[in-house]
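Reading the structure
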Amino acid sequence: MPEILDRARTQVLDGGVGLDEAGVLEILRLPDEHLSAALQLAHEVRMRWCGPEVEVEGIVSLKTGGCPEDCHFCSQSGLFASPVRSVWLDIPSLVEAAKQTAATGATEFCIVAAVRGPDARLMKQMRDGVAAIREAVDIQVAASLGMLTKDQVDELVGMGVHRYNHNLETCRSYFPNVVTTHSWEERWETLTMVRASGMEVCCGGILGLGESVEQRAEFAAQLAELDPHEVPLNFLNPRPGTPLGDRPVVGARDALRAIAAFRLAMPRTILRYAGGREITLGDLGTRDGLLGGINAVIVGNYLTTLGRPATDDLALLDDLKMPVKALSQTL
């Protein structure tokens, strides 16, 4: 057994202290013959420090396409020749999407907008939309609206938004290769304000953007420093017309190594399957990840790509005897 796994068992499983950047890198470099042991250990860590429940979430795009930023992976950027066009969702459609999400057993419904940050029109849509959802369906509302001002953070808290998603996307050293219209530090500033407000912080990123294994370890360590409530783990699904549209898909073993490594870096964090898992892992790999540290899933489709049917994920959770997290009765 590699020394790093013995050390992680003592430090992370027994002590609840995540691996540092160097330790994460050792996990990411493990040979294939030790991958199963790493996943098993990550699963034990998840069960000990998070429990067996799996949080289920649905997402919907309130404002799709036409974004002024140049995130090189994103087909919603208005700067690239992608097929996605700018569309706004009306309030009745938003409420219906929330109802459909709740019907799957999900406790989280995240409203997403493709923007640099919200303007007055978008904030009004959020006020009206969140109020209508809270009136019609019993579900927690999260939001992902780009970079925020302090006033906007306070306004979202006032609406009852309990969790805010703003992904760092990749590590600090690689970020300029992926986005040039804003900085990694600007994203960090928004996350810091969200944390100070009392909203839960949801922050993750995308693997397979061209980063090195060392930079994946750097990213895991930076997320651990932020200590978000939730980390959505995406794998690049290359989008036609974007600068990263021709990149290869992350290999399944590398994706599973990353799942184990991120769990061992953040033993108490909700680690969520997000975009790209279908083409990266398939059905068998999806199962392996749920037995390797993952304890949350986005069900249904993503913002501009198709996901697995919600019924498939829920059936898999039932088969694995992993209960779906219930909606908090205190909300």
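The notes below deal with the structure included here. (Residues numbered from 1 in each chain as written. Predicted model: local features only at pLDDT ≥ 70, side-chain atom pairs only at ≥ 80, totals over all residues. Heavy atoms only, no water.)

1. Some points on the nonpolar core
One finds Met126, Ile133 and Leu156 to be the most contacted residues of the largest nonpolar core, which totals 97 residues. In terms of residue count, the dominant contributor to this core is helix α9 (residues 252–265) (9 residues). Not counting residues within four places of it along the chain, the set of residues in contact with methionine 126 comprises Leu62, Ile111, Ala143, Leu145, Leu156, Met159 and Val161. (Core = buried A, V, L, I, M, F, W, Y, C linked by side-chain atoms within 4.5 Å. Buried < 20%, exposed > 50% of the residue type's maximum accessible area, 1.4 Å probe, protein only. Helix = DSSP H or I, 4+ residues; strand = E, 2+ residues; numbered from the N terminus. Contact = heavy atoms within 4.5 Å.)

2. Overview of unusual backbone geometry
In this model, aspartate 227 sits at a positive phi of 55 degrees, which is unusual for a non-glycine residue. By secondary structure assignment, the location of aspartate 227 is in the loop between α8 (213–226) and β8 (230–235). The residue lysine 321 is not glycine, and still its phi comes out positive at about 60 degrees. Its place among the elements puts lysine 321 in the segment after α11 (310–319). A relative accessible area of 68% means that lysine 321 is categorised as exposed.

3. Points about the environment of tyrosine 273
Structurally, tyrosine 273 can be placed in strand β9 (residues 270–273). A residue is classified by how much of its surface remains accessible, and tyrosine 273, at 0% relative accessible area, is buried. Measuring from C-alpha to C-alpha, the distance between tyrosine 273 and cysteine 67 comes to 25 Å, with 206 residues separating the pair along the chain. Once residues within four sequence positions are removed from consideration, tyrosine 273 is found in contact with Leu233, Ile259, Leu281, Gly285, Thr286, Gly289, Leu290, Ile294, Ala296, Val297 and Ile298. Within the structure, the side chain of tyrosine 273 is placed 3.0 Å from the backbone oxygen of threonine 286, a separation counted as a polar contact. (Polar contact = N/O pair within 3.5 Å; in protein donor to acceptor, adjacent residues only side chain to side chain.)

4. Observations regarding the side chain of asparagine 167
Secondary-structure assignment places asparagine 167 in the loop between β5 (163–165) and α7 (184–197). Using a relative accessible area of 12% as the deciding quantity, one classes asparagine 167 as buried. Within polar-contact distance, the side chain of asparagine 167 engages the backbone nitrogen of glycine 204 at 2.8 Å. Ignoring sequence-local partners within four residues, the contact set of asparagine 167 consists of Arg187, Cys202, Cys203, Gly204, Gly205, Pro232 and Asn234.

5. Side note on the pattern of salt bridges
Tallied over the full model, the rule gives 25 salt bridges. Of the charged contacts in the structure, one is a salt bridge between arginine 7 and glutamate 3, with a shortest N-O distance of 3.2 Å. In this pair, arginine 7 and glutamate 3 are both assigned in helix α1 (residues 3–14), 4 residues apart and thus about one turn of the helix distant. For arginine 257, the salt bridge identified is with aspartate 32, shortest N-O distance 2.9 Å. With arginine 257 in helix α9 and aspartate 32 in the loop between α2 (21–28) and α3 (35–49), this pair connects stretches of sequence that are 225 residues apart. The exposure class assigned to arginine 257 is buried, which follows from its relative accessible area of 8%. With relative accessibility at 40%, the residue aspartate 32 sits in the partly exposed group. Among the charged side chains, a network of salt bridges with common partners joins Glu55, Glu57, Glu108, Arg163, Glu200, Glu230 and Arg272. (Salt bridge = Lys/Arg side-chain N within 4 Å of Asp/Glu carboxyl O.)

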